[in-house]
Amino acid sequence: MEHGKLEAIGSILLFIIVLIWVGVVIKNRVILNKEGVYSIGTTIGSHSTSKGVYVDYAFSFKGLNYTGSRQPESFNPIRSKGRYLVLVHPKDPTINRILWDQPVPDHITEAPPDGWSEIPK
């Protein structure tokens with residue numbers, strides 16, 4: 001097979017893989033926003049990547065512990081440990097998103113094992 005044809009096939013395959021990946025990410029976001037419940041996440045550290053600094057967090061859901069990592073948004077939660085709401089997919093808690101704009105008030109000490117269906121007050 002000619003080198004040009006191999007490059008074309010490789011480019012098409014790469015495009016298809018990226019397209020599938022984008023589709024999965026969008027699907028997970030839609031499902032999370034539609035079916036997600038809220039738990040409490042605690043920041044546990046940070047690490048640098050080629051895309052910038054990511055803040056690591058941990059949370060419990062249905063008696064199991066999970067971790068995640070996400071870039072901070074318009075403010076910097078890296079300097080101290082913080083507690084923030086985490087939106088969790090109830091069927092697959094590995095699909096989750098920490099909500100930097102939703103710090104957990106001090107009067108809330110823990111989340112129910114199955115999370116809250118609405119943001120607690």
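Here, every reference points to the structure presented above.
Residues numbered from 1 in each chain as written. Predicted model: local features only at pLDDT ≥ 70, side-chain atom pairs only at ≥ 80, totals over all residues. Heavy atoms only, no water.

*Asks:* Sorry if this is basic, but what is going on with the overall build of the protein here?
*Replies:* When you go through the protein residue by residue, the secondary structure sums to 1 helix and 5 strands. Listing each helix as α and each strand as β along the protein from the N terminus yields α-β-β-β-β-β. C-alpha atoms of the protein, sized along the principal axes, occupy 70 × 30 × 25 Å. Among the 121 residues that make up the protein, the fraction classed as buried is 31%. Taking as baseline every contact in the protein between residues at least 6 positions apart, the subset at least 24 positions apart corresponds to 52%. When the accessible area of the protein is evaluated, it comes to approximately 8300 Å², of which 58% is carbon and sulfur surface. Of the side-chain charges in the protein, 13 are positive and 11 negative, and the distance between the mean point of each set is 1 Å. (Helix = DSSP H or I, 4+ residues; strand = E, 2+ residues; numbered from the N terminus. Buried < 20%, exposed > 50% of the residue type's maximum accessible area, 1.4 Å probe, protein only. Contact = heavy atoms within 4.5 Å. Areas by Shrake-Rupley, 256 points an atom, 1.4 Å probe, with all protein chains shown as cover. Lys, Arg positive; Asp, Glu negative; His and termini not counted. Charge placed at Lys NZ, Arg CZ, Asp CG, Glu CD.)

*Asks:* So what exactly am I meant to see when it comes to the side chain of Arg97 here?
*Replies:* Looking at the element boundaries, Arg97 is found in strand S5 (residues 96–103). Of note is the side chain of Arg97, whose polar atom sits 3.2 Å from the side chain of Asn33. For Arg97, the contacting residues outside a window of four places in its chain are Leu32, Asn33, Tyr57, Arg70, Leu85, Val86 and Leu87. (Polar contact = N/O pair within 3.5 Å; in protein donor to acceptor, adjacent residues only side chain to side chain.)

*Asks:* I keep staring at unusual backbone geometry and nothing clicks. Help me out?
*Replies:* Glycine aside, residues mostly have negative phi angles, and peptide bonds mostly take the trans form. Even without being a glycine, Lys62 presents a positive backbone phi close to 50°. Note that Lys62 resides in the loop between strand S2 (52–61) and strand S3 (64–70).

*Asks:* Looking at this model, I keep getting lost on the packing of aromatic side chains. Mind explaining?
*Replies:* Given two aromatic rings, their pairing is described by the distance between the two centres and the angle made by the two planes. On inspection of all chains with the given rule, the structure shows 3 aromatic pairs. Centre to centre, the rings of Phe59 and Tyr66 are 5.5 Å apart; their planes meet at 20°, and the pair counts as stacked. Judged by its relative accessible area of 3%, Phe59 falls in the buried class. Aromatic side chains Tyr84 and Trp100 sit 5.1 Å apart centroid to centroid with 80° between the ring planes, which places their arrangement in the edge-to-face category. Here Tyr84, found in strand S4 (residues 83–88), pairs with Trp100, found in strand S5; they are 16 residues apart in sequence, far enough to count as distant. Among the aromatic side chains, those forming a connected cluster through ring pairs are Tyr57, Phe59 and Tyr66. (Phe/Tyr/Trp six-rings, centres within 6.5 Å; stacked < 30°, edge-to-face > 60°.)

*Asks:* How do you make sense of the pairing of S3 when you look at a structure like this?
*Replies:* Residues in a regular strand point their side chains to alternate faces of the sheet. As paired strands, S2 and S3 are joined by 7 bridges and run antiparallel to one another. Paired with Tyr57 across the bridge in S3 is Gly68. Linking S2 to S3, which pair antiparallel, is a turn of 2 residues; within it Lys62 sits at a positive phi near 50°. (Pairing = 2+ DSSP bridges.)

*Asks:* Hey, could you run me through the pairing of strand S1 (residues 37–49) in this one?
*Replies:* Here S1 runs beside S4; their pairing, made up of 6 bridges, is antiparallel. Paired with Ile40 across the strands is Leu85, a residue of S4. Of the pairings in the sheet, the one linking S1 to S2 comprises 8 bridges and is antiparallel in character. Bridging from a neighbouring strand, Thr42 pairs with Ala58 of S2. Linking S1 to S2, which pair antiparallel, is a turn of 2 residues.

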